[in-house]
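So you can see what is in the structure, the chains are spelled out below.
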Amino acid sequence: MARLFRSTQQFGNVLGRCRTHACAATPRRSPVEHWWLFGLCSHKLHTVADGPKSCPAAAPGRLPFSTVTPDDLDFFRKILPGRTITDPDLLQSSNVDWLKTVKGSSEVLLRPRTTEDVSQILRYCNRRNLAVNPQGGNTGLVGGSVPVYDEIIVSTALMNNILSFDSVSGILTCQAGCVLENLTLYLEERDYIMPLDLGAKGSCQIGGNVSTNAGGLRLLRYGSLHGTVLGLEVVLADGRVLDCLSTLRKDNTGYDLKQLFIGSEGTLGVITAVSILCPRKPKSVNVVFLGCETFEQLLQTFQLCRGMLGEILSAFEFLDSECMRLLNTHLKLPNPISGSDPRHDGEKLHNFLEEAMTSSLVNDGTVATEESKAKTLWSMRERVTEALTHDGYTYKYDISLPVDRIYQLVTDMREHLGDKAKSVVGYGHVGDGNLHLNITSPTKDPEVLAAIEPFVYEWTASCQGSISAEHGLGLKKRNYIYYSKPRQAVALMSDIKAMLDPKGILNPYKTLPDNLK
């Protein structure tokens, strides 16, 4: 059941305008409806001048890798009988990214089942100087999961076995191709849950999640994969298998090598297995959907929420009124703050809601305690990306900023673009300062892109933020890395890449910038 706090009111749909993109600007109050959603489950940076000020996201020229020959195909068919795909029709979906903005021309898709299969593939490709594109669920948004040219696609989809689960410690060990939702269902039957949850959970794979250091909806409570991943098995570019598949929570012997591969986007090695620490399944879950008139009120509500709910808060998400408009227009999802029946809430939740309402931080809200109602509310947040695809060509940006600055970028971008954009919307993870900025235009428009970039990256750098909070750099953002990392750090990354993959066969053209020597 859901509980309605107060009768629904109509707020203004026009967001306040700001006249500067400087991070130090004073926050402005604006009469705007912001919706936010949360689930309750009991360096100083360099200046922009250090790097290229405007680098295209377009692919560089093809590097001098070998091309696939009939002899190569014979070898692959020998080690992967029935799992060496060359049919163009079957290859099509693996050559195109989820947004359909990046398309490769690979002629070979390999589907290994075991770590030894991957080892043989990479050993051979390294010797032959054949470029390889590791691919999981292909749900990435920065062009990191599909080939740029004719790289051989190595899919982990058939590496989908759960290897072990310790019901005492909550440690799960599985192959990299396990789909996140399947792992979640497996664990829920055993009274546990995965420490991460994503809108793409029905397609994304745990190996891809780790390779991109995916954040998701539970990071506020359970932390990032840098903390919950206990061990990895990785195949290096030359075919060597690095077995760091530990299930220990504490191991202080030497360098923690697994951390190199978490977030490396398949450029240092191919993850084949993961061990991960999983929390117990909460005995009760409440989802609250509230309406605030200003983003400042939203931040105050967040502070109140963390103070009063503490250990039972697992997520705190927000979406603005433009997101609500798109959800209603394109997906026919209604505003959920209407027509709910009263129901008793837990004491902590009740006290928080009472304080939030009496202090006038929140104007409306609804609580869902039943699973079906909770899923309905969460769908409002998870389906924003889907609604955007119906609004036109979408320019997507995944930004980390100080929490009090995350919505200022939306309002400044809206003012900066003016009539060039059809929609400028913001949603994301308030709890960890992660904004998903999305801009639409009727069709792909170079003029719109030139207006967005590098403005969005300069704005972010001025706040000492990150140009990629959880999606990675991939192909599209590789040349903008200098907005978030100093030259020395990028040079060290290049040294690590050269050491582990001297021929550069693993996921070329991704993550690191083109201007490296």
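Calculation notes
- Residues numbered from 1 in each chain as written.
- Predicted model: local features only at pLDDT ≥ 70, side-chain atom pairs only at ≥ 80, totals over all residues.
- Heavy atoms only, no water.
- Phe/Tyr/Trp six-rings, centres within 6.5 Å; stacked < 30°, edge-to-face > 60°.
- Helix = DSSP H or I, 4+ residues; strand = E, 2+ residues; numbered from the N terminus.
- Buried < 20%, exposed > 50% of the residue type's maximum accessible area, 1.4 Å probe, protein only.
- Lys NZ or Arg CZ within 6 Å of the ring centre and 35° of its normal.
- Expected span 1.5 Å × (residues − 1).
- Core = buried A, V, L, I, M, F, W, Y, C linked by side-chain atoms within 4.5 Å.
- Contact = heavy atoms within 4.5 Å.
- Pairing = 2+ DSSP bridges.
- Axes fitted to C-alpha atoms, helices over the stretch in contact; angles between N-to-C directions.
- Parallel < 35°, antiparallel > 145°, perpendicular 65-115°, else oblique.
- Left-handed = near helix turned anticlockwise from the far one by under 90°.
- Salt bridge = Lys/Arg side-chain N within 4 Å of Asp/Glu carboxyl O.

A.B. asks: Mind showing me how you'd approach the packing of aromatic side chains here?
C.D. replies: Two measures describe an aromatic ring pair: the distance that separates the ring centres and the angle between the ring planes. Summed over all chains, the structure comprises 15 aromatic pairs. On the numbers, 6.0 Å between centres and 80° between planes, the contact of Phe318 with Tyr407 is edge-to-face. Taken together, the residues Phe318 in strand 13 (residues 317-320) and Tyr407 in the loop between strand 15 (393-400) and helix 14 (408-417) connect sequence positions 89 residues apart. Looking at Phe318, the relative accessible area reads 0%, which means it is buried. Looking at Tyr407, the relative accessible area reads 3%, which means it is buried. It is Arg190 that lies over the ring of Tyr186; its NZ or CZ is 3.7 Å from the centre.

A.B. asks: What is the right way to look at helix 9 (residues 295-309) in this model?
C.D. replies: An α-helical turn contains 3.6 residues, so a residue and the one three or four places further along point in the same direction. In a regular helix each residue adds 1.5 Å, so 15 residues correspond to 21 Å; helix 9 covers 20 Å between its end C-alpha atoms and thus fits that length. Just beyond helix 9, the residue with positive phi is Gly310, at close to 50°.

A.B. asks: Sorry, what's going on with the environment of Tyr482 here?
C.D. replies: Position of Tyr482 relative to the elements: it lies in the loop between helix 16 (455-462) and helix 17 (487-500). Linking Tyr482 and Ile467, residues 15 residues apart in sequence, is a C-alpha distance of 9.5 Å.

A.B. asks: Help me understand the nonpolar core in this model?
C.D. replies: In a soluble, globular protein the nonpolar side chains are often hidden away together inside. The biggest cluster of nonpolar side chains holds 54 residues, and the ones touching the most others in it are Phe352, Tyr397, Met413, Leu437, Ile439, Ile452 and Val456. Breaking this core down by element, the ones donating at least two residues are strand 12 (285-292), helix 9, helix 11 (347-358), strand 15, helix 14, strand 17 (434-441), helix 15 (446-452) and helix 16. The leading source of residues in this core is helix 9, at seven residues. Setting aside its immediate chain neighbours within four residues, Leu437 contacts Tyr395, Lys396, Tyr397, Leu409, Val410, Met413, Val424, Val425 and Val456. Listed in part, the 29 residues of the second largest apolar core include Cys204, Val229, Phe261 and Leu500.

A.B. asks: In this structure, what is going on with the sheet that holds strand 3 (residues 84-85)? I would like to understand it.
C.D. replies: For sheets, the rule is that strands pair by backbone hydrogen bonds, running either parallel or antiparallel. Taken together, four strands build an open sheet; the order of strands is 3-4-6-5 and the sheet is mixed. Looking at the sheet topology across the chains shown, the edges are occupied by strand 3 and strand 5 (132-135). Where strand 5 lies against strand 6 (residues 152-155), four bridges are found, and the strand directions are parallel. If you follow Val132 over to strand 6, its bridge partner there is Ile152.

A.B. asks: Whenever I open this one, the packing of helix 1 (residues 70-79) against helix 3 (residues 115-128) confuses me. Can you help?
C.D. replies: Working note: a packed helix pair is described by the angle between its axes plus the distance between those axes. Between helix 1 and helix 3, the shortest axis-to-axis distance is 11 Å and the interhelical angle comes to 165°. Comparing the axis directions of helix 1 and helix 3 gives the class roughly antiparallel. By crossing handedness, the relation of helix 1 to helix 3 is classed as right-handed. Judged by residue contacts, Asp71, Asp72, Phe75, Phe76 and Ile79 of helix 1 engage Asp117, Gln120, Ile121, Tyr124, Cys125 and Arg128 from helix 3.

A.B. asks: Whenever I open this one, the sheet that holds strand 7 (residues 162-166) confuses me. Can you help?
C.D. replies: Strand order in the open sheet formed by five strands is 7-8-11-9-10, with antiparallel pairing between adjacent strands. Unpaired on one side and paired on the other, strand 7 and strand 10 (241-244) mark the two borders of the sheet. Across the sheet, the mean angle separating the axes of adjacent strands is 10° when strand polarity is ignored. Contacts between helix 3 and the sheet are confined to strand 9 (229-235), strand 10 and strand 11 (270-277), with strand 9 contributing the most and set at about 45° to the helix.

A.B. asks: Looking at this structure, how should I read the pairing of strand 14 (residues 364-368)?
C.D. replies: Looking along a regular strand, one sees the side chains alternate between the two faces of the sheet. Counting buried positions over the five residues of strand 14 gives five, a clear majority of the element. Going residue by residue along strand 14, you find Asp364, Thr366 and Ala368 tucked away on one face and Gly365 and Val367 tucked away on the opposite face as well. In this structure, strand 12 lies alongside strand 14, joined through five bridges in antiparallel fashion. Bridge pairing in strand 14 links Gly291 to Asp364.

A.B. asks: Explanation requested: the pattern of salt bridges in the structure shown.
C.D. replies: Side chains bearing opposite charge may pair, as long as their charged atoms lie close to each other. With the rule as written, the count across this model stands at 17 salt bridges. Arg128 is paired through a salt bridge with Asp72; the nearest N and O atoms lie 2.8 Å apart. Placement of Arg128 in helix 3 and of Asp72 in helix 1 is noted, with a sequence separation of 56 residues between them. A residue is classified by how much of its surface remains accessible, and Asp72, at 1% relative accessible area, is buried. Here the salt bridges do not stand alone but share partners, grouping Asp197, Lys201 and Glu382 into one network.

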